[in-house]
Amino acid sequence: MVFALPSGAAAQKKAGPRKTVSAQWSRQECSAGIDLFFSAMEPRQGSLQLVEIRSRKRLAEVSGKWNGDELQFWTPSSGAGKGLDVRRALLGIDLALAAGAHDFAAAGKTADGEAFSCGATLTVREGQFAVEKLTVAPQFVEPNPEQLARAEEEGKRLREIFATVTPEKLWSGRFRVPITGATNGRNFGRRRVLNGEPSSPHTGVDFPAPAGTSIHAAQDGRVVLAEPLYFSGNTVIIDHGLGVYTLYGHLSAFGVKAGDAVVAGSVIGKVGATGRVTGPHLHWGLTVNRAKVNALDITRSL
Ligand SMILES: [Zn+2]
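Attention here is on the structure that accompanies the text. Predicted model only: the values in this text are computed from it and were never measured.

1. Re the coordination of the zinc ion
For the zinc ion, the full set of protein donor atoms is H202 (NE2), D206 (OD) and H283 (ND1), and the range of their distances to it is 2.0 to 2.1 Å. Read in sequence order, the donor residues for the zinc ion give the motif H-x3-D-x76-H. Summarising the burial analysis for this pair, H202 and D206 share the class buried.

Here it is as C-alpha cells:
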C-alpha cells in the first residue's frame, strides 16, 4: 500500500488520475477544532497504518491507545497545513489480531488547558496469507525439551524487548529494504501446517540472497540484540525509538554488537543460513508497539 501523506484538494490533484495508488485519509471528528485522521478505517491484519491528530489549537499533550498499547506520537516536519498542530503515530495492526471491530481511543490537552478525548472504530479485515501443508520427519517439527526451553526463554526476552519503548524518535524519513536491490520479500504471515499441526504464523519477510550478501540497517537506531537465537539463528534487533523495532535473522556474520548506534544503510551483518532454515536468506521483521506487521509497509509509508 501507498499512503498519500497530505490530505486535501492539493494532494488529490497531485495524485492525478492514478487514484488506485493513493490511500485516502479518513477523517473522524474529535472535538471542537480537533480531528482524527486514519490511513485506513478497514485495515488488513499485519498491515502498518498511520493515525494523525490535527488541531487548530496548539496541543500540549496527546495520547492514543490501540489494542491495549499506548501509541507514540511525534510532530511530523511537514505539517498538514498552515495553522494546524499535527501529531502522527504508527498504528500496527498485529498479524494475529482478530478480524472485526476494534476501538481506537485518543485523548489530550490543548495548550490552553482544554481536555479532549475521542475514539473511532476500525474494522480489521482478514489478511491474505498463504497456508503451506507439509509432511516432514518428526524431528523437524518438535524441538527437543532442551531446545524448547531455550526457545521459550528467548521468546520471553524478545517480548520484553518489544514491550520497551524508547521515548525518542531515532529515525528520520523512510525505511529502506535491508538488501540492496531487493524489491520484494515473501512469506509474511504464511502459516505452515506441519504433519497436520498448525504452527504460528511467519512474522517476517524473507529475502532470498546468496550467503555473504551485506545486510543494511533499515533506518537509524540502536542495536539492542546481536546474538544467536534458536529459531532465527544469528539475529540483530535495532531499536528505532517510539516502540519501533526491526529484526534481522539467519545471519552468517555480525557487523555490529549490542549497544552500537547505527544509521540507515550501516552494514550490520551478512546473509546466512543459521537457525531453523533450509537455505540462505534474510528474515526481516518489523514490530510496532508490540504488533507484528509487514516490514515492507514501513518502506512505503511515513
Ligand atoms: Zn523468515
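Continuing now.
2. Overview of the sheet that holds strand β10 (residues 131–134)
Taken together, the three strands give an open sheet; going across it, the order is β10-β11-β12, and neighbouring strands pair in mixed fashion. Single-partner strands in this sheet number two, and they are β10 and β12 (197–198). Where strand β11 (residues 191–194) and β12 come together, two bridges link them in antiparallel fashion. Looking at the pairing, L194 lines up with E197 of β12.

3. A closer look at the state of the cysteines
A complete count under the given rule lists one disulfide for this structure. Between the sulfur atoms of C30 and its disulfide partner C118 the distance amounts to 2.0 Å. When the S-S torsion is -85°, as for the bridge of C30 with C118, the disulfide is left-handed. Linking C30 in strand β1 (residues 26–31) with C118 in strand β9 (residues 115–124), this pair joins segments that are 88 residues apart in sequence. Just as C30 is buried, C118 falls in that class too.

4. Here we look at the nonpolar core
Judged by nonpolar contacts, the single largest core of 39 residues is most densely connected at L90, Y248, I268 and L282. Per-element tally for this core: the top contributor is strand β20 (residues 281–288), with four residues. Each of two domains, domain 1 (9–124) and domain 2 (131–299), supplies a minimum of three residues to this core. Beyond its immediate stretch of four places on either side in the chain, L90 contacts L48, Q49, L50, L71, W74, W171, V244, V288, N289, I298 and L302. Counting residues in each nonpolar core, the second largest holds 23 residues, with V51, L59, V62 and A120 among its members.

5. Looking at the packing of aromatic side chains
This model, assessed by the stated rule, comprises seven aromatic pairs. For the pair F129 and F188, a centre-to-centre distance of 5.9 Å together with 80° between the ring planes defines the contact as edge-to-face. With F129 in the loop between β9 and β10 and F188 in the loop between α2 (145–162) and β11, this pair connects stretches of sequence that are 59 residues apart. Over the ring of F37 we find R54, and its NZ or CZ is 3.7 Å from the ring centre. A cation over an aromatic ring shows up here: K169 above the ring of W171, its NZ or CZ 4.8 Å from the ring centre.

6. Structural notes on the pairing of strand β7 (residues 85–92)
Counting buried residues along β7, eight of its eight residues qualify, which places the element largely inside the surrounding structure. Burial of the side chains of β7 extends over both faces: D85, R87, A89 and L91 are buried on one face and V86, R88, L90 and G92 on the other. In this structure, strand β3 (residues 48–55) lies alongside β7, joined through eight bridges in antiparallel fashion. Its bridge partner lying in β7, L50 is registered against L90.

7. Thoughts on the sheet that holds strand β4 (residues 59–66)
Taken in spatial order, the four strands make up an open sheet running β5-β4-β8-β9, and their pairing is antiparallel. Either end of the sheet is taken by a strand with one partner, and the two such strands are β5 (69–71) and β9. On average, each strand axis in the sheet is tilted by 25° relative to the strand beside it, whichever way the strands run. Sheet analysis places β4 next to β5, joined by three bridges and oriented antiparallel. When the sheet's bridge partners are listed, W66 is paired in β5 with D69.

8. Side note on the side chain of D260
Along the chain, D260 falls in the loop between β17 (244–254) and β18 (261–262). Within polar-contact distance, the side chain of D260 engages the backbone nitrogen of K257 at 2.9 Å. Filtering out sequence-adjacent residues up to four positions away, D260 remains in contact with G221, R222 and V223.

9. A closer look at the pairing of strand β13 (residues 204–208)
The element β13 is extensively covered by neighbouring structure, given that four of its five residues are classed as buried. Summarising the sheet, β13 and β20 pair through five bridges and their orientation is antiparallel. Paired with P208 across the bridge in β20 is H281.

Parameters and conventions
Residues numbered from 1 in each chain as written. Predicted model: local features only at pLDDT ≥ 70, side-chain atom pairs only at ≥ 80, totals over all residues. Heavy atoms only, no water. Donors = N, O, S within 2.8 Å, 3.2 Å for Na, K, Ca; no water. Buried < 20%, exposed > 50% of the residue type's maximum accessible area, 1.4 Å probe, protein only. Pairing = 2+ DSSP bridges. Helix = DSSP H or I, 4+ residues; strand = E, 2+ residues; numbered from the N terminus. Disulfide = S-S within 2.5 Å. Core = buried A, V, L, I, M, F, W, Y, C linked by side-chain atoms within 4.5 Å. Domains from an automatic or database assignment. Contact = heavy atoms within 4.5 Å. Phe/Tyr/Trp six-rings, centres within 6.5 Å; stacked < 30°, edge-to-face > 60°. Lys NZ or Arg CZ within 6 Å of the ring centre and 35° of its normal. Axes fitted to C-alpha atoms, helices over the stretch in contact; angles between N-to-C directions. Polar contact = N/O pair within 3.5 Å; in protein donor to acceptor, adjacent residues only side chain to side chain.

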